[in-house]
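For reference, the chains in residue letters:
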Amino acid sequence: MDTTPLPPITAIRDMRIDTRLVRGGTRRSPNRETCEALYLTSGFVYPDAESAEAAFAGPEEGWIYTRFGNPTVAMLEDRLRQLEEAPAARTTATGMAAVFAALMASVKSGDRVVASRALFGSCHYVVTRILPRFGVETRLVDPGDLDQWRDALRHGAACVLFETPSNPMLDLVDVRAVADLAHAAGARVIVDNVFATPIEQRPLKLGADVVVYSATKHIDGQGRCLGGAVLADERFVIDALQPFLRHTGPTLSPFNAWVLLKGLETLGLRMERHARSAGRIAAFLADHPKIASVRYPGLDSHPQRALARRQMRRGGGMLAIEVAGGKRGAFRFANGLRLADISPNLGDAKTLLAHPATTTHANVDAAERKRLGIADGSLRLSIGLEDADDLLADMEQALARV
Ligand SMILES: *Cc1c(COP(=O)(O)O)cnc(C)c1O
């Protein structure tokens, strides 16, 4: 058997996005496998003590231990980096590990963080409850109000954190405008791009410094495993993020990295379907008498539609609706659906729904929920890959019971 390792396919990074999704980062072993190899191993061995010495001396001299690096995980990081045209990428065990690591690599005691108040629940907990224990102060601002961002950044900040579109109400943040304000204040801009995905929106191109993902969502896209990713410039990754990850250990399992590599292969195809179906469903629900309102960035009625057009390719696969009749109406609709599962996950092949007021945002007090636009009748829908006509028919029959 020929045991010469094949060279990495470097030219792929200059090709179009769907090619990069399928082939980016692939490094074949001497066995010349078709599918990316799964290196499910915690450590690596050396032929002699001198080789071990060399491996520990130079970080790029071969694999050492999976907390430091692993060939399957590295293929995923390379594919993500090429997909987003980012200088560097690192992965983590979950999306929250990615958010936390990006923050911890950016702040020290005495610093200030300015964050959107429309944050995923655990991100909100990290910036308002955990960071203050270490002397990091957080100011929250309304996502769409540039005056509030400007005011909060007036006295400088170490970093800015926001989601756009936000979970669950699909509020947008003007990435370029906030990045300009943040940079003038000396702050690093961290964008949680989970709802948009790298297919629909590229925050690094709009001025962000760091992009974080819960790969659990659309990147896996089939509800199988957790994962996270951080994409940023090489200096931040090598000097600040990588040492934090290597020494604190929120390492992505090589098995999950392999699942996520396979997920990326179909991400472009899936987002096309998610976005097309979500657009049709949003339009249908917007016209329905039993739906009080629909929030979808691809719909002309979205209050920030012009911004959506500027910074997003399409509207994505997520929408928020308010069912008439408050909580009772929302529950009747949710319970009447046959093709939407009630689940806190999102970005799945299966259509999923959540009632934020009683689940993901049950711990947020009523006044803050109101401020976030979360009504008792609000539902978050993650549109899946089922046939859109079947989904529409299912929604029609469920609405008849409201
Ligand atoms: C799910 C999610 C996270 C956290 O990701 P996990 O993989 O569950 O840790 C962070 N931000 C947003 C917007 C999310 O939807």
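The paragraphs below set out a description of the structure included in this document. (Residues numbered from 1 in each chain as written. Predicted model: local features only at pLDDT ≥ 70, side-chain atom pairs only at ≥ 80, totals over all residues. Heavy atoms only, no water.)

Some remarks on the nonpolar core
Thinking step 1. Formed by 29 residues in total, the largest nonpolar core has its most connected members in Leu103, Val127, Leu131, Leu161, Ile190, Val210 and Leu241.
Thinking step 2. The residues touching isoleucine 190, leaving out its near neighbours within four places in the chain, are Ala102, Leu103, Ser106, Cys159, Val160, Leu161, Phe162, Val210 and Val212. (Core = buried A, V, L, I, M, F, W, Y, C linked by side-chain atoms within 4.5 Å. Buried < 20%, exposed > 50% of the residue type's maximum accessible area, 1.4 Å probe, protein only. Contact = heavy atoms within 4.5 Å.)

Remarks on the site of the ligand
Thinking step 1. Taken together, Thr94, Gly95, Met96, Phe120, Glu163, Asn167, Asp192, Val194, Ser214, Thr216, Lys217 and Gly227 make up the full set of residues near the ligand.
Thinking step 2. Here an oxygen atom of the ligand and a backbone polar atom of methionine 96 are 2.8 Å apart.
Thinking step 3. At a separation of 2.7 Å, an oxygen atom of the ligand approaches a polar side-chain atom of serine 214.
Thinking step 4. For the ligand, whose free accessible area comes to 380 Å², the fraction covered by protein is 91%. (Near = heavy atom within 4 Å. Polar contact = N/O pair within 3.5 Å; in protein donor to acceptor, adjacent residues only side chain to side chain. Areas by Shrake-Rupley, 256 points an atom, 1.4 Å probe, with all protein chains shown as cover.)

Section: unusual backbone geometry
Thinking step 1. Look at the link from threonine 164 to proline 165: it is a cis peptide, with omega at -5°.
Thinking step 2. One can find proline 165 in the loop between strand 4 (159-163) and helix 7 (175-184).
Thinking step 3. Asparagine 167 connects to proline 168 through a cis peptide bond whose omega is 5°.
Thinking step 4. Tracing the backbone shows proline 168 in the loop between strand 4 and helix 7.
Thinking step 5. Here the phi dihedral of arginine 32 falls at roughly 55°; this positive angle occurs in a residue that is not glycine.
Thinking step 6. By secondary structure assignment, the location of arginine 32 is in the loop between helix 1 (17-23) and helix 2 (49-57).
Thinking step 7. Although it is not a glycine, glutamate 85 sits at a positive phi angle of roughly 50°.
Thinking step 8. Residue position: glutamate 85 is located in the loop between helix 3 (71-84) and strand 1 (88-92).
Thinking step 9. You can call glutamate 85 partly exposed: its relative accessible area is 46%. (Helix = DSSP H or I, 4+ residues; strand = E, 2+ residues; numbered from the N terminus.)

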